[in-house]
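# Residue-level structure breakdown
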Amino acid sequence: MSSQTEKSPSDGARAVVADAQDPARRPDVLFRVRRPVGAEPSIWWPILGFVAVSAGVLASLTLLPG
């Protein structure tokens, strides 16, 4: 074989990178979204969600007879 017909490892790596998918766009990933810089959601949303759900659970537990 001549060296011109052989593929170097870097050629294979370039082919893999060229065919790679963006992980945020895979169909099996439901909630992952690639957002532009500066458009990320605030860190307070999950904290407030946790507090709201916890308060709802505690409020509903007070309705159960003890």
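Right above here is the structure, for reference.
Each value, and the rule that gives it
Residues numbered from 1 in each chain as written. Predicted model: local features only at pLDDT ≥ 70, side-chain atom pairs only at ≥ 80, totals over all residues. Heavy atoms only, no water. Helix = DSSP H or I, 4+ residues; strand = E, 2+ residues; numbered from the N terminus. Buried < 20%, exposed > 50% of the residue type's maximum accessible area, 1.4 Å probe, protein only. Areas by Shrake-Rupley, 256 points an atom, 1.4 Å probe, with all protein chains shown as cover. Contact = heavy atoms within 4.5 Å. Patch = residues over 30% accessible without salt bridge, like charges linked within 9 Å, V, L, I, M, F, W, Y side chains within 5 Å. Salt bridge = Lys/Arg side-chain N within 4 Å of Asp/Glu carboxyl O.

Right, let's talk about the overall build of the protein chain for a bit. Of the regular secondary structure elements, the protein chain holds 2 helices and 0 strands. Here the protein chain, with 66 residues, has 3% of them falling under the buried criterion. In the form shown here, the protein chain has an accessible surface area of approximately 6,400 Å², with 67% of it arising from carbon and sulfur atoms.

This part is about the environment of Arg-35. Here Arg-35 is to be found in the loop between α1 (9-19) and α2 (44-61). Apart from residues lying up to four places away in sequence, Arg-35 is in contact with Glu-40 and Pro-41.

Moving on, we come to a nonpolar patch on the surface. A surface patch of nonpolar side chains, amounting to about 680 Å² of accessible area, comprises Ile-43, Trp-44, Ile-47, Leu-48, Phe-50 and Val-51. Ile-47 sits in the partly exposed class, given a relative accessible area of 39%.

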